[in-house]
Amino acid sequence: MSTHCITTAVNGQTISAEVEARYTLADFLRERAGCTGVHIGCEHGVCGACTVIVDGVAVRSCLMLAVQADGATIATVESLAAADGTLHRVQQVMKDEYGLQCGFCTPGVVMTLAAITGAGSTPDEAAIKDALSGHLCRCTGYQGMLKVARRLASEGVAA
């Protein structure tokens, strides 16, 4: 199997590694970058648990190859909270509005919400539902997540 040297900025740190051509970004982030908040569920891009932000766009890291991320800036859920433990606005609103339950899908949902509400963006109801439609949650019924997204959008909070 051929290998490629890639360099990415993951949560503000530059990481260079030799990876096989078929190595997914999800596996790279978990195994090479130590970002275990990237959850791997279906490995088919259906559940959304592995969602990260690559160059400002929410993507399913199980569908992206690590070699495709060469030169990219990647943010995972680990990058959101401050060093002192202060939660990111999206995380705080998820907590305040009870937008999570078991937590397996939560990192992917949080990253999607951070992407769609970033830079003071105010997505409408259709955009919110469209963004969250790529996430499977067996615990919450999505009402808490929708409430969180609506609150973030209405506040125009920069993520």
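Before reading further, recall that the structure is shown in the block above.
Residues numbered from 1 in each chain as written. Predicted model: local features only at pLDDT ≥ 70, side-chain atom pairs only at ≥ 80, totals over all residues. Heavy atoms only, no water.

## Structural notes on the state of the cysteines
In total, this model carries zero disulfides according to the counting rule given. The thiol sulfur of Cys5 is not disulfide-bonded, and the nearest other cysteine sulfur, from Cys35, lies at 18 Å. Cysteine Cys137 shares no disulfide, and the gap to the nearest cysteine sulfur, in Cys105, comes to 3.8 Å. (Disulfide = S-S within 2.5 Å.)

## Regarding the pairing of strand β1 (residues 3–10)
The sheet contact formed by β1 and strand β2 (residues 13–20) spans eight bridges and is antiparallel. From the neighbouring strand, Thr7 faces β2, where its bridge partner is Ser16. The hairpin formed by β1 and β2 contains two residues between the paired strands, and Asn11 there has a positive phi angle of roughly 50°. Relative to strand β5 (residues 73–75), β1 runs parallel, the two sharing two bridges. In the sheet register, Ala9 faces β5, and the bridge partner there is Thr73. (Pairing = 2+ DSSP bridges. Helix = DSSP H or I, 4+ residues; strand = E, 2+ residues; numbered from the N terminus.)

## With respect to the pattern of salt bridges
If you walk through the whole model with that rule in mind, you get eight salt bridges. Of the charged contacts in the structure, one is a salt bridge between Glu125 and Arg150, with a shortest N-O distance of 2.6 Å. Placement of Glu125 in helix α4 (residues 125–132) and of Arg150 in helix α5 (residues 143–155) is noted, with a sequence separation of 25 residues between them. When its relative accessible area of 30% is taken as the criterion, Glu125 is described as partly exposed. Note on Arg150: relative accessible area 33%, which makes it partly exposed. Linked through salt bridges whose partners overlap, the residues forming this network are Arg89, Asp96, Glu97, Lys147, Arg151 and Glu155. (Salt bridge = Lys/Arg side-chain N within 4 Å of Asp/Glu carboxyl O. Buried < 20%, exposed > 50% of the residue type's maximum accessible area, 1.4 Å probe, protein only.)

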